[in-house]
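For reference, the chains in residue letters:
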Amino acid sequence: MESFLKKYWWIRRKSLRISMASFEVNSAIYTDTERNDKKSKTPIEQEEIEHGILKQLFYKVGYGKIPQSRYRKLHKVSTLWTWIKLVLISLLTIPFVCVFKKDFLTEIKESVVAAGKILNLSEGRAVGLFIALTIAVLGIISYAYKSLLSRYTIQKVSLPSDTVVEGGSERNESVFSKYLDEIFYFFEVTRYRYIFFEDLDRLDDSSIFVHLRELNTLLNNYDKIHSNLVFVYAVKDDIFRDEDRTKFFDFIIPVVPIINSTNSGEVFTAMLERAQKSGTKHSISQEFILDVSPYISDMRVLQNIYNEFLVYKGTIKAGHELELNDEKMMALIVFKNLYPSEFAELQKEKGIVKQAFEDKRKFIATRQKTAQDEINELSALIEEVKADTLHKTKELKAAFLCEITGWQGFAYTFLLDSTQRLTAERVYSEDFDFVSVISKKNCSGQMASFRGRDVSFQCNIFSPLSEIYKRRADRIKLIENNKIGKTQNTIDELKNSQNILGYKRLKELLTEFGLDMVLSESVRDNKLLSFMLRRGYLDEDYANYINYFKGTSITKSDMNFILAVKNLERTEFEYSIIKIPQVIQRLQPYEFRQKSIYNYALLEELLSTEDELEKRDLFIEQLAD
């Protein structure tokens, strides 16, 4: 619309633009609304909409162009012009007074001269002083009129108790109907003939269009308005259903969007190339643009992203000479424009972005606990193997056949739960597994007692005994199959993976385990955030891109070294670090496993102190590799 009015300037002179935008509300539930990718609208009543349209009409023109309007608004009152009018009124009053009282001027002059003699003034000076005082009094009256005009209004009129004032009956009229004569007067005395309505479709109330069409018809039928008034609506295609759209509007002009999600990348690229030519250097790759552009489908949003990037780059990066990553900065700005309330929450260390990194912490803690449980189980198994006196499976089975008799003899045949018969020969077979009999509760059978007789026996704790011997059999198999060393290797691997897991960045975790395992559902529902986290455009270092660097605890060169380590960029081994302890404190343990950490001064500090043993060991381990 702006482009159209710039092109046709003669229409612009006679046009009036009215916008009733309804933007998102910053409320307590706003972030939940954004997570579901839905937009909240400000609820506006029909009467309020019509009042808003009238205000934009009447406040467009100056007070002098519609002096008879009862739609009152404050306007500038000139003290000089009021004084001039008072002087002119005074001068015009004198001839009329003289007609009815011919000696009026003579009497005034005599009185002035008499007063002058009291002050020892000549006749000419006395008359001059009188005229000056008169002009001064008129000036004071003008100033007082300007000051008091808007201060005092009639708020209450008291009438006798028996006074009855009757008015017309109240009618449930629309705002347009109540102020219809004002609207007619406005268009009668002004030049406006083209009224452009914007953003009315955002109100989700089609009845306003019915009222506006009725108003347009009444205005065009009014004889005092000699040229037609044209109402132009900038609305979405789906504001009316089916053929109602063509019936309501006299003429429909389709508008082809400047950009959408399919071509926003080309426009974005052109903007950044223009910035390069104007002297704003950046390192944003074409790959990044192709990655984020599908999420941008509005030209105004894209323009604002570009403008904010220039501001952030100039204030946070260039202003402090920090080696920040342009793509990470741009990613945060894209997120800021598409999810503004979530970005505001992020600056307060809350919201869905903080939830993503909290999910990372919980995932690592859960995985490490699972690994630790397995380590504890395998370690206990090795300790039990070492403590067990039996080291062969047949010895164990012989002990089992004795223990079910209560160590009274050797069971050679028995019945399990009165359904399954077992023999000693079957138990001794290689394919027998204690797992197959753990579910059996009781057994009874024949045994060869240690006294040399065959007697019957009964065991009521068969199931727990089977479970104990099953575990002892598993331990013996480790010895027989030479798996003690392999089990120890498994424990070492679990400890190593447990250690490495704590040092991994969120991007690495998402690549290795997937979004579903690492992130909660609320984070996954935000497709843009999930994508940026998975690609590493938004990571653990986001705070460096949304806050000012104060430079009090560390220097700029120190901060640039930290950023280089976090971005896996190698620096010279001799790179100068000023406040080494503070730099070590700001780096996470997992970052000491990276080759970008190599620095002579840093290693020397770690070797000379006992405060950061974990980081020192990781650094040395990295050097050993």
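Values in this document were obtained by computation on a predicted structure and should not be read as measured data.

Analysis parameters
- Residues numbered from 1 in each chain as written.
- Predicted model: local features only at pLDDT ≥ 70, side-chain atom pairs only at ≥ 80, totals over all residues.
- Heavy atoms only, no water.
- Buried < 20%, exposed > 50% of the residue type's maximum accessible area, 1.4 Å probe, protein only.
- Helix = DSSP H or I, 4+ residues; strand = E, 2+ residues; numbered from the N terminus.
- Pairing = 2+ DSSP bridges.
- Axes fitted to C-alpha atoms, helices over the stretch in contact; angles between N-to-C directions.
- Contact = heavy atoms within 4.5 Å.
- Phe/Tyr/Trp six-rings, centres within 6.5 Å; stacked < 30°, edge-to-face > 60°.
- Parallel < 35°, antiparallel > 145°, perpendicular 65-115°, else oblique.

Here we take up the pairing of strand β2 (residues 194-198). Most of β2 is tucked away: 4 of the 5 residues are buried. Alignment of strand β1 (residues 15-19) against β2, held across 5 bridges, turns out to be parallel. Paired with S15 across the bridge in β2 is Y194. When β2 meets strand β3 (residues 230-234), the two strands line up parallel, connected through 5 bridges. When the bridges of β3 are listed, Y194 appears paired with V230.

Our next topic: the sheet that holds β2. In any sheet, the strands associate via hydrogen bonds between backbone groups, in a parallel or an antiparallel arrangement. With parallel pairing, the 3 strands of this open sheet are ordered in space as β1-β2-β3. Whereas interior strands pair on both sides, the edge strands pair on one side only; in this sheet they are β1 and β3. Here the average twist between neighbouring strands, direction ignored, is 20 degrees. This element, helix α10 (residues 207-221), spans β2 and β3 of the sheet and lies at about 160 degrees to β3.

This next bit is on the sheet that holds strand β6 (residues 443-449). Here 4 strands make up an open sheet; going across it, the order is β5-β4-β6-β7 and the pairing antiparallel. Taken across any chain shown, the strands that pair with only one partner, and hence form the sheet edges, are β5 (420-423) and β7 (454-459). For this sheet, the mean inter-axis angle between neighbouring strands, taken without regard to orientation, is 25 degrees. In the sheet, strand β4 (residues 409-416) pairs with β5 via 4 bridges, with the strands oriented antiparallel. Across the sheet, residue L415 finds its bridge partner in β5, namely R421.

Turning our eyes to something else, we now look at the packing of aromatic side chains. Taken as a whole, this structure holds 27 aromatic pairs when the rule is applied. An angle of 75 degrees between the planes, with centres 4.7 Å apart, marks the rings of F184 and Y222 as edge-to-face. With a gap of 38 residues between them, F184 in helix α9 (residues 180-189) and Y222 in the loop between α10 and β3 connect regions that are remote in the sequence. Given the relative accessible area of 14%, F184 is considered buried.

Here helix α15 (residues 326-338) crosses helix α16 (residues 340-347) at 120 degrees, and the two axes come no closer than 5 Å. One way to sum up the angle between α15 and α16 is to call them oblique. Only P340, E342, F343 and L346 of α16 make contact with α15, whose side of the interface consists of L332, F335, K336, N337 and L338.

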